[in-house]
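Topology and contacts: notes
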Amino acid sequence: MAYWVRIQYERQEYIVDLDHISAFVCAPNGRLTFWLPESASPIVINHQASPDDYYRVLNYITQLANHSLSGSWIRLLYDRSEYIIDLNRISTFCYSPNQKITFWLPDASIPIIITQLGDPEGYEKVRDFIYKKTGEVLS
């Protein structure tokens, strides 16, 4: 089911299906960022400049994070922001023996590096996802 929104950004109007977005970032300063699918173009909105757009996307993110049917959406605190990521859209995970997992956001090519010490809950969620999806155990 598509969730289309119209967003004004940098003097242009975008009509975006939010169901095709693979990751959202909520920064502490109130900015929301997501990347347009297959283009790596970021859309950054905030509640001061575009309150309607901001709350429309924020409402979608809240519903998504709270009611994800597939269980593949996770929340990670990373780089002083909250990332909401659909792990089903990640195609590569890199594991280091020092208990570090790296993966790249598909439409942004941004590496996300999580460690057991830095974010134990997020680390376990990603480990569990990898096991359930691939059968591979990260030790």
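First things first, this report covers the structure right here in the doc.

Basis of the calculations
- Residues numbered from 1 in each chain as written.
- Predicted model: local features only at pLDDT ≥ 70, side-chain atom pairs only at ≥ 80, totals over all residues.
- Heavy atoms only, no water.
- Pairing = 2+ DSSP bridges.
- Helix = DSSP H or I, 4+ residues; strand = E, 2+ residues; numbered from the N terminus.
- Axes fitted to C-alpha atoms, helices over the stretch in contact; angles between N-to-C directions.
- Contact = heavy atoms within 4.5 Å.
- Core = buried A, V, L, I, M, F, W, Y, C linked by side-chain atoms within 4.5 Å.
- Buried < 20%, exposed > 50% of the residue type's maximum accessible area, 1.4 Å probe, protein only.

With antiparallel pairing, three strands are arranged side by side in an open sheet as E8-E9-E10. If you trace the sheet from one side to the other, it starts and ends with strand E8 (93-96) and strand E10 (111-115), each paired once. Looking at each pair of strands side by side, their axes are set apart by 20° on average, direction ignored. In terms of strand pairing, strand E9 (residues 100-104) meets E10 through five bridges, oriented antiparallel. Each bridged residue has a counterpart across the sheet, and for Thr 102 the counterpart in E10 is Ile 113. Lying over the sheet, helix H2 (residues 120-134) contacts E8, E9 and E10, oriented at roughly 70° with respect to E9.

In this section: the nonpolar core. It is characteristic of soluble globular proteins that their nonpolar side chains tend to be buried jointly. Counting residues in hydrophobic clusters, the biggest one holds 21 residues, and the most contacted among them are Ile 85, Phe 103, Leu 105 and Ile 112. Contributing elements (two or more residues each) for this core: strand E3 (23-26), strand E6 (73-78), strand E7 (81-86), E9, E10 and H2. No other element matches the four residues that H2 contributes to this core. Aside from chain neighbours lying at most four places away, what touches Leu 105 is Ala 23, Trp 35, Tyr 83, Ile 85, Ile 90, Ile 110 and Ile 112. Membership of the second largest hydrophobic core comes to 20 residues, among which are Leu 18, Ile 45, Ile 61 and Trp 73.

Within the chain, Ala 40 stands out as a residue other than glycine whose phi angle is a positive 60°. Tracing the sequence through the fold places Ala 40 in the loop between strand E4 (31-35) and strand E5 (42-46). The exposure class assigned to Ala 40 is partly exposed, which follows from its relative accessible area of 41%. Even without a glycine there, the phi angle at Ser 109 is positive, about 60°. Tracing the backbone through its elements, the reader meets Ser 109 in the loop between E9 and E10. Given the relative accessible area of 55%, Ser 109 is considered exposed.

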